[in-house]
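Fold and geometry: a report
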Amino acid sequence: MKVIYMGTPDFAVPCLERLVKENFDVVCVVTQPDKPKGRKQELAPSDVKVKALALGLEVYQPSTLRTQEAYDYLSKFEPDYIIVAAYGKILPKNILDLPKYACINVHGSLLPKYRGAAPIQRSVLAGDKVTGITTMLMNEGLDTGDMLLKSEYEIDINATAGEVFDALAQSAPDLLMKTIEMYTKGEIIPEKQNDADSTYAAMLSKDEAVIDWSRSALHIHNLVRGMSPWPVAYTCLDGKKLKIYSSCLTNEKTTLQVGKVKEDKDSILVACGDGMLLSLTSVQLEGSKRMDAKSFLLGHKIDTIGK
RNA sequence: CGCGGAGUAGAGCAGCCUGGUAGCUCGUCGGGCUCAUAACCCGGAGGUCAUGUGGUUCAAAUCCCAUCUCCGCAA
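**Quick look at the domain arrangement of chain A**
When its domains are assigned, chain A resolves into domain 1 (2-201) and domain 2 (206-299). Distance from the C-alpha centre of domain 1 to the C-alpha centre of domain 2: 34 Å. Here domain 1 and domain 2 share an interface that buries about 910 Å² over both sides, 53% of which is from carbon and sulfur atoms. Together, Leu125, Ile157 and Asn158 form the three largest contributors to the area buried by domain 1 at its contact with domain 2, with a combined 46%. The interface formed by domain 1 and domain 2 holds one salt bridge in total. Here Arg122 ties to Glu208 by a salt bridge, and the two come within 2.8 Å at their closest N and O atoms. Joining domain 1 to domain 2, the criterion identifies nine residue pairs in polar contact (both at pLDDT 80 or more). Every element with two or more residues in the side of domain 1 that touches domain 2 is listed here: helix H5 (119-125) and helix H6 (161-184). With four residues, H5 is the largest single contributor of residues to the side of domain 1 that touches domain 2. Residues belonging to the side of domain 1 that touches domain 2 are distributed by class as follows: seven nonpolar, five polar and two charged.

**Things to note about a nonpolar patch on the surface**
Together, Ile90, Leu142 and Tyr200 make up a nonpolar patch on the protein surface, roughly 280 Å² of accessible area in all. Position of Leu142 among the secondary structure elements: in the loop between strand E8 (130-137) and strand E9 (147-154). Note on Leu142: relative accessible area 35%, which makes it partly exposed.

**As for unusual backbone geometry**
Between Ser228 and Pro229 the backbone carries a cis peptide bond, its omega angle lying at 10 degrees. Within the fold, Pro229 resides in the loop between helix H7 (217-226) and strand E10 (233-237). Here the residue pair Trp230 and Pro231 is connected by a cis peptide bond, since its omega of 0 degrees sits within 30 degrees of zero. Examined against the element boundaries, Pro231 turns out to sit in the loop between H7 and E10. Of note, the phi angle at Asp238 is positive, near 50 degrees, even though the residue is not glycine. Here Asp238 is to be found in the loop between E10 and strand E11 (240-253).

**Side note on the packing of aromatic side chains**
Per the counting criterion, the structure on display carries five aromatic pairs. Aromatic side chains Phe11 and Phe165 sit 5.5 Å apart centroid to centroid with 75 degrees between the ring planes, which places their arrangement in the edge-to-face category. Taken together, the positions of Phe11 in the loop between strand E1 (2-7) and helix H1 (13-21) and Phe165 in helix H6 put the pair 154 residues apart, joining distant regions of the chain. Each member of the aromatic cluster is reached from another via a ring pair, and the members are Tyr60, Tyr73 and Phe77. Above the plane of the ring of Tyr73 lies Lys76, whose end atom (NZ or CZ) is 3.8 Å from the centre. The side chain of Lys241 reaches across the aromatic face of Tyr234, ending 4.2 Å from its centre.

Criteria and cut-off values
- Residues numbered from 1 in each chain as written.
- Chains lettered and ligands numbered in written order.
- Predicted model: local features only at pLDDT ≥ 70, side-chain atom pairs only at ≥ 80, totals over all residues.
- Heavy atoms only, no water.
- Domains from an automatic or database assignment.
- Buried area = accessible area lost by both parts, 1.4 Å probe.
- Salt bridge = Lys/Arg side-chain N within 4 Å of Asp/Glu carboxyl O.
- Polar contact = N/O pair within 3.5 Å; in protein donor to acceptor, adjacent residues only side chain to side chain.
- Helix = DSSP H or I, 4+ residues; strand = E, 2+ residues; numbered from the N terminus.
- Nonpolar A, V, L, I, M, F, W, Y, C, P; charged D, E, K, R; others polar.
- Patch = residues over 30% accessible without salt bridge, like charges linked within 9 Å, V, L, I, M, F, W, Y side chains within 5 Å.
- Areas by Shrake-Rupley, 256 points an atom, 1.4 Å probe, with all protein chains shown as cover.
- Buried < 20%, exposed > 50% of the residue type's maximum accessible area, 1.4 Å probe, protein only.
- Phe/Tyr/Trp six-rings, centres within 6.5 Å; stacked < 30°, edge-to-face > 60°.
- Lys NZ or Arg CZ within 6 Å of the ring centre and 35° of its normal.

Below, the structure is given as structure tokens:
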């Protein structure tokens, strides 16, 4: 079974590994071009590229698939399937029609909810209790294709987007294998998405990561979780940026003003808009390293946060 | 040459501007108090102040130079 695999971030790595392990003939791995990363702006390969090279697979990194050149290149492989997981580009019709069986996408949400770039983060951000993975037949729209299989995943109240990401990435290969096997045998009836129920999960931006302490503790907690490990929710402390990596809900009420920090030996307890205290458990001040609340408090006095 | 912050005891920080015996909180060790305690009191140990057999100086954690490492912004 010849497969072209398309994916970019770490989320897409486990599925690629499984395909190789299950003896699919992965004839080509398509991933985004290397992009500048880090302080020095050095070009860095995608996670999928790194894994593909380690597995000795052919890698293709076009800036767009909408060229004759890209089509010619990929068509010569005569794939049975094209498997796509968080690749980051929409495939043109001629490439969608390329494989003998289908173009299958592995998406990190229970469609039609959270179509788009950041389904998992949006789900955590919204405080959802359940999310999951959907496999679908791809079409020219953005995650609008007919659905094949789903698996659900329960989100812990304290799980960060990164943790849910990892969990879903680990469970994705099972669903993918099952999907390919059943679809090849004609055992799945593709199900149309109900567009009326669909929502769009836009990419996260840093503008959304700033904490508004007048919101409820739960809202802020979800923001912190959803923005971790990127771009990371932040606030200000004495004019410096303070990133909040994780927090913990308390059931303590307070009469302190919004943004005031309750004096405590080993917890950073901040008064939120709904009068509840939110405990910040992992923080990082500009120029300094990430540390837990207790360590942070050994060297810092905090009275008010957010300015 | 993108901009900026930082490296001081096991941990987190102050001291540096205005050079002159290195300090705070926590931890750790010992003792005390207590029915008891992660609480409280007393005491101790622990640091070539990132590196440079660098420069200036009577004297450098502090001023100057070089290097390494970490971090924020930017992407």
